[in-house]
Amino acid sequence: MHRDTDSEWMENVTFDELKVGQSARLVRTVTTEDIQAFAAVSGDINPAHLNADYANASMFHGVVAHGMLGAAMISALFGTHFPGAGTIYLGQDLKFIKPVRVGDTLTVVATVLEKVDPKRHVVMDCLVTNQTGDAVLKGTARLLAPDQKVRVPRVSAPHIQLFDPEARLNDLLARVKGGEPVRCAVVHPCDSESLSGALDAARHALIVPVLIGPEGRIRRVAQEAGLDVSGVDIVSVEHSHAAAEKAAAMAARQDVDILMKGSLHTDELLKAVLSEPALRTGRRLSHVFRFDVPLYPKPLLITDAAINIRPTLLEKADIIQNAIDFARVLGVDKPRVAILSAVETVTPAIPSTIDAAALCKMSDRGQIKGGRLDGPLAFDNAISPDAVRIKGIASEVAGQADILAVPDLESGNMVAKQLEYLAGASGSGLVLGARVPIALTSRADGPMARVASAVLAVLAARDIKRRQAENAWKLG
């Protein structure tokens, strides 16, 4: 926000100092973040302000700002500068003339029309114009002007951290837009959450679901939840073990390109996958979470927080390689891998620091490829440039990690759940290391997390197909 007076102090204009014809102005350029913040505070989620597709088809032909956002700027001028501290707003009439769009620079001008003594009432003419000089809002305001001179330090406005999980999901969906849906075995979808998650992914044209489980139970769940499974392939088997085995066999025959966990235990599904030699790659299976974190500027991968309980050094190498390969699928050319521990120095008493140092040397020698590794790093040093600066750490990874490689499942699970439940992150996950990606979801996951996991699986499946085609071409 720009004012004619730029000072560390706020000084008001008293009733006695005000003169008819006297004016002041405030200038501000409207951003998308302004509109989103106003919607968040006011609760006005009119799609004309927040939904580009809807707004483009409306009479405005694009997103417009809330009309009262301009009115709030008038209030800001009164409360902070003219007359300033001590002003009481008594009334306002407004006429909205033209829409305000993202990028418009608005100038608010308030001019004293009348002073009413002894009540200290002031009538102000209010005019808001855009960068071309066109009026977008005008009216008159009635104020109770301050009677005492005040000079106080200017304070910063509270910081609003805007985070739109739906917009982040839409960005992720855009990465797979236009491709053919991928055949996906949904293993034992015998609760409403897993069944609806698969059907949601199908509605987004991500997958062609093949439901594997007891058909009667699947149809009963669908009926009770109001879900339509007509036209969806159902492969009927007796129980969850049989469903896992059937799904793994279908993946081994390349009848499906993705496996998606339903309402069965993770170890049931992974045991079936590992029992199929055609699905093995020689690399350790591992899980990777992808998080959109409100206070972090880019997606963050965390591995392994779901499968490997206490991985050995060589298993950690596989886990990291899986994550690097997947980060590259997501468009990160050379991912930065922070290998986490409690401290940033190698300490014999903390075995994870020894592993971290060895993994970095393995990367130097080409045993781990495609990424930039550093560790051991404490969590703050991995993601905070300020912590890196304060501690004087020289690193091309510290403070800007793409991947957090955790010491063990317990610590990784805690980090992942803290990001979700305390930091408001939105997450999704995938099992890597087999010849097909495996979308793992929890019963606690919401619809967006389930769809996001399907997106990750589709991206991984398409990359596997691409690499298979390249290898076939080279051999041919």
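Since the model is a prediction, treat every value here as computed from it, not as a measurement.

**Considerations on the packing of aromatic side chains**
- Per the counting criterion, the structure on display carries 2 aromatic pairs.
- With a centroid separation of 5.5 Å and 80 degrees between ring planes, the pair formed by F78 and Y89 is classed as edge-to-face. With F78 in helix 4 (residues 67-80) and Y89 in strand 4 (residues 88-96), the pair connects residues that are 11 residues apart, well separated along the chain.
- For F78, a relative accessible area of 2% gives the class buried.
- Seen from the ring of F15, K115 lies directly overhead, with NZ or CZ sitting 4.5 Å from the centre.

**Quick look at the pairing of strand 6 (residues 121-129)**
- Burial runs high along strand 6: 7 of the 9 residues are buried.
- With 9 bridges joining them, strand 5 (residues 105-116) and strand 6 adopt antiparallel strand pairing. The residue bridging K115 from the neighbouring strand is V122, located in strand 6.
- What sits between the antiparallel neighbours strand 6 and strand 7 (residues 135-144) is a turn of 5 residues, in which G133 has the positive phi angle 90 degrees.

**Looking at the pattern of salt bridges**
- Counted by the stated rule, this structure contains 24 salt bridges.
- A salt bridge links R253 to D255; the shortest N-O distance between them is 2.9 Å.
- Residue class for R253 comes out partly exposed when judged on its relative accessible area of 47%.
- With a relative accessible area of 31%, D255 lands in the partly exposed category.
- Between R372 and E396 there is a salt bridge, with its nearest N and O atoms 3.9 Å apart. Highlighted residues: R372 in strand 16 (residues 372-377) and E396 in the loop between helix 13 (385-391) and strand 17 (403-405), separated in sequence by 24 residues.
- Classification of E396 as partly exposed rests on a relative accessible area of 46%.

**Topic: helix 7 (residues 215-225)**
- Residues of helix 7 that are buried: I218, V221 and A222. Summarising the axial view, the buried residues of helix 7 lie within an arc of 100 degrees, below the 170-degree limit, and thus occupy one face. Of the exposed residues in helix 7, those oriented more than 90 degrees away from the buried face are Q223 and E224.
- Structurally, helix 7 contributes buried residues whose contacts are with helix 6 (192-203), strand 10 (207-213) and strand 11 (233-236).

**Points about the pairing of strand 5**
- Bridge analysis of strand 3 (residues 23-29) against strand 5 gives 7 bridges, and the strand direction is antiparallel. By the bridge assignment for strand 5, A24 is matched with A110.
- Taken together, strand 5 and the strand that follows it, strand 6, pair antiparallel across an intervening segment of 4 residues, in which R120 is found at a positive phi of about 65 degrees.

**Here we look at the packing of helix 10 (residues 313-329) against helix 11 (residues 351-364)**
- The interhelical angle for the contact between helix 10 and helix 11, taken along N-to-C directions, is 55 degrees, at an axis separation of 10 Å. Our classification of the angle between helix 10 and helix 11 gives oblique. Remark: the crossing between helix 10 and helix 11 carries right-handed chirality. Between helix 10, through L313, L314, K316, A317 and I320, and helix 11, the contact on the second element is made entirely by D355, A358, L359 and M362.

Conventions and cut-offs
- Residues numbered from 1 in each chain as written.
- Predicted model: local features only at pLDDT ≥ 70, side-chain atom pairs only at ≥ 80, totals over all residues.
- Heavy atoms only, no water.
- Phe/Tyr/Trp six-rings, centres within 6.5 Å; stacked < 30°, edge-to-face > 60°.
- Helix = DSSP H or I, 4+ residues; strand = E, 2+ residues; numbered from the N terminus.
- Buried < 20%, exposed > 50% of the residue type's maximum accessible area, 1.4 Å probe, protein only.
- Lys NZ or Arg CZ within 6 Å of the ring centre and 35° of its normal.
- Pairing = 2+ DSSP bridges.
- Salt bridge = Lys/Arg side-chain N within 4 Å of Asp/Glu carboxyl O.
- Arc of directions from axis to C-beta.
- Contact = heavy atoms within 4.5 Å.
- Axes fitted to C-alpha atoms, helices over the stretch in contact; angles between N-to-C directions.
- Parallel < 35°, antiparallel > 145°, perpendicular 65-115°, else oblique.
- Left-handed = near helix turned anticlockwise from the far one by under 90°.

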